[in-house]
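Notes for the structure review
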Amino acid sequence: RSLVVVHFWAPWAPQCAQMNEVMAALAKEHTQVTFVKLEAEAVPEVSEKYGISSVPTFLFFKNSQKVDRLDGAHAPELTKKVQRHASSSSVSAGTNDSAKEDLNARLKKLINAAPCMLFMKGSPKEPRCGFSKQMVEILNKHGISFSSFDIFSDEEVRQGLKTYSNWPTYPQLYVAGELIGGLDIVKELEASGELDTVCPKAQKLEDRLKILINKAPVMLFMKGSKQVAKCGFSKQIIEIINNTGVDYETFDILEDEEVRQGLKTYSNWPTYPQLYVKGELVGGLDIVKELKESGELLPILKGEN
């Protein structure tokens, strides 16, 4: 049941020598783990069987089954993987069922991590297979908002998801936690025009700003919140509005850089705070002060003016 870590290395690669030192240090720390060095070119049939195309590559085995993989000289990642697998393998026998439950819970969490989740080889910026590349291109072409998971980064997820979803290949697309399918299915949905209705669209910034501005009849975009203003101007404007007794909502522009920059352009108003009534910009602190002095502020906030 113990963990076996196999380092496929080559004597001519300096990074392999560095990783051997890392492995020696890990061996002292994790005495229950077996560490093995295999010269990749000396055992071509083994290297071919496990798809070893570069060195260093590390394979992780439990109960004679490959459970994980790490390509490249990433010492922190190797340490992390050894710690994770060593701690899970030191649990007593009879935990296979609970391990399966844990994996299923993890897969469910990943699948539901975003409204639209793509499990692919590589990342949207750097797909590592043609099918994944085509899938990303289709989703981007239709302006679909999606998150992704690189199945090369986690062998446990890569193998487990095939069983969990009963779908043997990648990429796999999920919407609202439900499997849509692979590339062929998505191509069919695109051809039939259903893809746009099935997948959530990426919200354009302008649309998002419109929604935020109209979230309440009186909306104040400020630094901080009603409870804790984070600049003097925001504090002053809150005091003025509070004295009118009119109900209002706030948005903290320090929490969202996209909104902070985008709203300046959208409203053609370069500073904060910004006050909106029924989706229309009233202005900043100076304007609000003038309106208060002239007695116009209350009617404006109530939507009478």
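Residues numbered from 1 in each chain as written. Predicted model: local features only at pLDDT ≥ 70, side-chain atom pairs only at ≥ 80, totals over all residues. Heavy atoms only, no water.

Quick word on the sheet that holds strand E7 (residues 172-175)
Our working rule: Whether two strands pair depends on DSSP finding at least two bridges between them. Strands here mean DSSP runs of E at least two residues long; helices mean DSSP runs of H or I at least four residues long; both are numbered from the N terminus. The axes used here are C-alpha line fits, helices contributing only the stretch in contact, and every angle between their N-to-C directions lies in the interval 0 to 180 degrees. What makes two residues a contact is simply this: any of their non-hydrogen atoms within 4.5 Å.
Across the sheet, four strands lie side by side as E6-E5-E7-E8; this open sheet has mixed pairing. Looking along the sheet, the strands with just one partner apiece sit at the ends: strand E6 (147-150) and strand E8 (178-181). The sheet shows a mean angle of 25° between the axes of neighbouring strands, direction not considered. Where strand E5 (residues 116-120) lies against E6, four bridges are found, and the strand directions are parallel. Within E6, the position partnered with Leu118 by the bridge is Ser148. On the sheet, helix H6 (residues 155-165) packs against E5, E6, E7 and E8 and is oriented at approximately 60° with respect to E7.

Some remarks on the packing of aromatic side chains
Operational definition: Working definition: a ring pair exists when centres of Phe, Tyr or Trp rings (six-membered ring for Trp) sit within 6.5 Å. Plane angles under 30 degrees give stacked, over 60 give edge-to-face, the rest tilted. Residue exposure (1.4 Å probe, protein chains only): buried if accessible area is under 20% of the type maximum, exposed if over 50%, otherwise partly exposed. Put simply, a charge is over a ring when the Lys NZ or the Arg CZ is close to the ring centre, within 6 Å, and near the line of the ring normal, within 35 degrees.
Inspection of the entire model under this criterion finds five aromatic pairs. Taking the centre distance of 5.5 Å and the plane angle of 85° together, the rings of Tyr50 and Phe61 count as edge-to-face. Of this pair, Tyr50 sits in the loop between helix H2 (44-49) and strand E3 (57-62) while Phe61 sits in strand E3, and the two are 11 residues apart along the sequence. Residues Phe119 and Tyr174 carry aromatic rings whose centres are separated by 5.5 Å and whose planes lie at 75° to one another, so their mutual orientation is edge-to-face. With Phe119 in strand E5 and Tyr174 in strand E7, this pair connects stretches of sequence that are 55 residues apart. For Phe119, a relative accessible area of 0% puts it in the buried group. Tyr174 sits in the buried class, given a relative accessible area of 2%. Positioned above the aromatic ring of Trp9 is the side chain of Lys37, whose terminal nitrogen or guanidinium carbon lies 5.6 Å from the ring centre. Positioned above the aromatic ring of Tyr248, the side-chain terminus of Lys226 is 4.4 Å from the ring centre.

A closer look at helix H9 (residues 205-213)
Definition in use: Each C-beta atom gives one direction from the helix axis, and the arc is the one those directions make.
The set of residues buried in H9 consists of Leu209, Leu212 and Ile213. One face of H9 carries all of its buried residues, which in axial projection span an arc of 95°. For H9, the secondary structure elements touched by its buried residues are strand E9 (218-222), strand E10 (249-252), helix H11 (257-267) and strand E11 (274-277).

Some details on the pairing of strand E4 (residues 65-71)
Bridging between E3 and E4 involves six bridges; their strand directions are antiparallel. Each bridged residue has a counterpart across the sheet, and for Phe58 the counterpart in E4 is Leu70. Here E3 folds back onto E4 in antiparallel fashion, the turn holding two residues, of which Asn63 has a positive phi close to 50°.

Regarding H11
In an α-helix, one turn spans 3.6 residues; hence positions three or four apart end up facing the same way. This is how it is decided: By the criterion applied in these results, polar contacts are pairs of N or O atoms within 3.5 Å in which, for protein atoms, one can donate a hydrogen and the other can accept it, and in which residues neighboring in sequence qualify only through two side-chain atoms.
Within H11 the residues assigned to the buried category are Val259, Gly262, Leu263 and Ser267. Across the axial projection of H11, the buried residues extend over an arc of 110°, all falling on one side. In the core, the buried residues of H11 are packed alongside H9, E9, E10, E11 and strand E12 (280-283). A distance of 3.1 Å separates the backbone nitrogen of Glu258 from a side-chain oxygen at the start of H11, and that oxygen is part of Asp256.

Geometry only, nothing functional implied.
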